[in-house]
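The residues making up each chain are set out below.
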Amino acid sequence: MCGIGGILRFDDEPVDRRRLEAMRSVLHCRGPDESNIAIDDRCGLVHTRLSILDIAGGHQPMSIDGLRVVFNGEIYNHRALRAELTDAGCHFKTDHSDTEVLLHGYRQWGESLPSRLRGMYAFVLWDGEEMLLVRDAVGKKPLYFWHDEHQLVFASTVGAVLAGVGRKLSVDPDALRQYLAFGYTEGFALSQGVREIGPMQWLRLSPRRADKPGPPPPARSEPADAAEMMALIADAVEARLEADVPLGCFLSGGIDSSIVAAIAQRKLAARGERLKTFSVSMPEAAYDEGPWAKKVADHIGAEHHALRAEPRVFEDLKYLIATMGEPLADSSILPTYWLSKAAREHVTVALSGDGGDELFGGYERYVAMRMLDKHAWWIGKGPRGLLGGEQKSRSARLRRLIDAARIGNEAARYFSMVRIFDDAQMSALGVRPMGSVPKDAMTPERDDFMDPADKARWWDFLHYLPGDLLRKVDRASMATGLEVRCPLLDRALAEAALATPMTTLMPGRRTKAMLRSMARPLLPADVCARKKMGFAVPIGTWFAKDLTPLLKRWLLENHGLRDMGLHRPMMETLIVDHQRGRIDHTHRLFSLLSLAIWKSWLDVQRF
């Protein structure tokens, strides 16, 4: 796992080494073990390395016969590919570096190389004439770029791209609207002109052309049964156990991380090894899954470490935003960072259960979409129709359900449930609303998947998963120099799950029913039955109490938010309503706080 970056000149000017060194400094946290810069006439490449495989031989940038690569990620089938390439006559210099497989693989297979790779990756190849930028199928590893008529700059983070550009860029108004609506941006960053390579996309560049094809359609159409799905999960976990450094597993006690840990422990036990598992204790008992994690660890025979977080909300958020060069409106980035930081003292690689909710139907909002499909007319009557009385509900979730029921467009209905700021709130903030939602915005690739839960899952997998969840995990873990691997997002497993209808994976109101049944032989019965808790901190309570003064200072006295045109009266209303318990504005306040911290960081940068 690493940080990558580079500059490609389209003119006759030499690459500025100072810019490459500035990029290397920004990327250091992603690769604290080693860093290198390579420059030829028109191209300069930067690599900061977190050494995981072939520590002695996997130095980057790596080159063979005029082809050079910088690579961030892991290729889990590198040994099989190496054997195939060796049989084809390729001669390897390293012992077992997966990076070298990319070089020989591109020489042998050209642009079909990514379709052969099993892993998480972002890599850039340069042959002296053309540059190829590639990202993995799910979007686990990031890759951003910026260009003008003179040069292209690419890197693992927006901050490193800005360091390569050498100047601040203005705020993109469309990206700001998307950020306020959903809490993340897609395809482009808040810094004007910075773009993101999408999942399973590649960008081919030369001074004469640019070519960016879209992602291929899903490779599988037939659904999977429980036996096949379990075999795919076991294979995915086993493929991610190779490392030349200590390896462990995040364990929350939820069904996703628990099934990954159980399988990993079985695989390691067969080798005479024992899995290290990690959970982090939250400051309040209602948010602490530690006892559940310990129960699972004891049951499967893992060596469990209950880690205690020492949260510094503002300080840690400022550090994370500085390493990212962009804001993220998901407050769970904080506990993810705290867990990663504590686990890094014991291991360099950690498995996680990310992706289970999106693939196997883990969200209550999928159930809600089915309810709305059948009973929207009744739910839309409001709390009286739902609760059978005169009482006024304070539940933000119920309020969203009622509001969604009053919308006829199915896609707009779902967006109203997952949005942070609606159009009226964005207008009050002084930001142009998103506007109407196309009816086909949630159309799966398969015409026979007409269940509203299928459509919601498809949207989450393509947008929410890479835009929010995987971005959060990558940035929080790499800020500590920890590699996180996600077995449930193995490409073959993901394709099998996406080809299986939600009526099978999540019948009725039983979230993750198939996955729970598959886990019963491995885990305690109450673990298989417990509801999703979510990895969160009581940030809403802190905003209403101890953190209110700091929140007011950042939101109401911040020149950056004012410079972006955000209206102070609306932010005052949000703070007062939240503090007095009228409406839970936790997500909205956190998104504005992250935005304010990011703009303040950007304003003081001296590129």
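What comes next concerns the included structure. (Residues numbered from 1 in each chain as written. Predicted model: local features only at pLDDT ≥ 70, side-chain atom pairs only at ≥ 80, totals over all residues. Heavy atoms only, no water.)

**Quick notes on the packing of helix α10 (residues 313-324) against helix α27 (residues 586-604)**
Viewed as axis vectors pointing N to C, α10 and α27 meet at an angle of 60°, and their least axial separation amounts to 10 Å. Our classification of the angle between α10 and α27 gives oblique. Of the two elements, α10 crosses α27, and the hand of that crossing is right-handed. For the pair α10 and α27, the contacting residues are Phe314, Leu317, Lys318, Ile321 and Ala322 in the first and Phe590, Leu593, Ser594, Ile597, Trp598 and Trp601 in the second. Its residues assigned to classes, the contact of α10 with α27 comprises nine nonpolar, one polar and one charged. (Axes fitted to C-alpha atoms, helices over the stretch in contact; angles between N-to-C directions. Helix = DSSP H or I, 4+ residues; strand = E, 2+ residues; numbered from the N terminus. Parallel < 35°, antiparallel > 145°, perpendicular 65-115°, else oblique. Left-handed = near helix turned anticlockwise from the far one by under 90°. Contact = heavy atoms within 4.5 Å. Nonpolar A, V, L, I, M, F, W, Y, C, P; charged D, E, K, R; others polar.)

**Some remarks on the pairing of strand β13 (residues 247-250)**
Across the two faces of β13 the burial is the same, with Leu247 and Cys249 and Gly248 and Phe250 all buried. Strand direction decides the pairing type here: β13 and strand β16 (residues 349-351), joined by three bridges, are parallel. Bridge assignment links Gly248 to a residue of β16, and that residue is Ala350. Examined bridge by bridge, β13 and strand β14 (residues 276-281) share three bridges and lie parallel to one another. For Phe250, the partnering residue across the bridge sits in β14 and is Phe278. (Buried < 20%, exposed > 50% of the residue type's maximum accessible area, 1.4 Å probe, protein only. Pairing = 2+ DSSP bridges.)

**A few points about the side chain of His96**
With respect to the helices and strands, His96 occurs in the loop between α2 (78-87) and α3 (98-109). There is a polar contact of 2.6 Å between the side chain of His96 and the side chain of Asp95. Discounting residues that sit within four places of it in the chain, His96 has contacts with Leu53, Asp54, His78, Arg79, Arg82, Glu242 and Asp244. (Polar contact = N/O pair within 3.5 Å; in protein donor to acceptor, adjacent residues only side chain to side chain.)

**What to know about empty space enclosed by the protein**
Following the criterion strictly, the structure yields seven cavities of 30 Å³ or more and no others. By volume, the largest cavity is sized at about 120 Å³. Looking at the lining of the largest cavity, the elements with two or more residues in it are β5 (67-75) and α3. The class makeup of the residues in the lining of the largest cavity is six nonpolar, seven polar and three charged. The volume enclosed by the second largest cavity comes to roughly 90 Å³. (1 Å grid on protein atoms, 1.4 Å probe; cavity = no way out; pocket = protein on both sides within 12 Å on 5 of 7 lines; lining within 4 Å. Points joined across faces, edges and corners; volume = space filled by probe spheres on them.)

**A few points about the nonpolar core**
Counting residues in hydrophobic clusters, the biggest one holds 166 residues, and the most contacted among them are Leu180, Leu523, Leu555 and Leu595. For this core, the leading source of residues is helix α18 (residues 452-478), giving eleven residues. The next biggest cluster of nonpolar side chains, apart from the first, holds 24 residues, and it includes Ile64, Phe71, Leu103 and Met200. (Core = buried A, V, L, I, M, F, W, Y, C linked by side-chain atoms within 4.5 Å.)

**Let's talk about the sheet that holds β14**
Spatially, five strands are ordered β15-β14-β13-β16-β17 in an open sheet, and the strand pairing comes out parallel. Edge positions in the sheet fall to β15 (303-308) and β17 (483-485), since each has one partner strand and no second. Within the sheet, the average angular offset between the axes of one strand and its neighbour, ignoring direction, is 35°. In the packing of helix α8 (residues 255-269) onto the sheet, the strands contacted are β13, β14 and β16, and the crossing angle to β13 comes to about 150°. Packed on one face of the sheet, helix α11 (residues 333-343) meets β13, β14 and β15 and runs near 135° to β14.

**A look at helix α24 (residues 548-556)**
Within α24, burial applies to Thr548, Leu551, Trp554, Leu555 and Leu556. Down the axis of α24, the sector holding all buried residues measures 170°, keeping them to one side. In this structure, the buried residues of α24 make contact with α10, α23 (539-544), α25 (559-563), α26 (568-579) and α27. (Arc of directions from axis to C-beta.)

**Looking at the packing of aromatic side chains**
Scanning the model with the defined rule gives eight aromatic pairs in all. Ring geometry for Tyr319 against Tyr337: centres 6.0 Å apart, planes inclined by 45°, an arrangement best described as tilted. Here the residue Tyr319 occupies a position in helix α10, and Tyr337 occupies one in helix α11, the gap between them amounting to 18 residues. Its relative accessible area of 6% is what places Tyr337 among the buried residues. (Phe/Tyr/Trp six-rings, centres within 6.5 Å; stacked < 30°, edge-to-face > 60°.)

**What to know about the state of the cysteines**
The term disulfide refers to a covalent linkage connecting the sulfur atoms of a pair of cysteines. Tallying each qualifying case throughout the model produces zero disulfides. Of all cysteine sulfurs, the one in Cys29 lies closest to Cys2, which takes part in no disulfide; the gap is 12 Å. Between Cys528, a free cysteine, and Cys249, which holds the nearest cysteine sulfur, the sulfur-to-sulfur gap is 16 Å. (Disulfide = S-S within 2.5 Å.)

**As for unusual backbone geometry**
Most peptide bonds are trans, and most residues other than glycine sit at a negative phi. Cis geometry marks the peptide bond from Gln60 to Pro61, where omega comes out at -5°. Looking at the element boundaries, Pro61 is found in the loop between β3 (43-49) and β4 (62-64). The phi angle at Asp65 is positive, at roughly 50°, despite the residue not being glycine. Following the sequence through the fold, Asp65 ends up in the loop between β4 and β5. Residue class for Asp65 comes out exposed when judged on its relative accessible area of 73%. Positive phi outside glycine occurs at Lys512, with the angle close to 50°. Mapping Lys512 onto the fold places it in the loop between α20 (502-505) and α21 (513-519).

**Comments concerning the packing of α24 against α26**
Contact geometry of α24 with α26 gives a least axis separation of 10 Å together with a crossing angle of 165°. In terms of orientation, α24 and α26 fall into the roughly antiparallel class. Crossing handedness for the pair α24 and α26: right-handed. Residue-level inspection shows Thr548, Leu551, Lys552, Leu555 and Leu556 of α24 in contact with α26, the latter providing Arg568, Met571, Glu572, Ile575 and Gln579.

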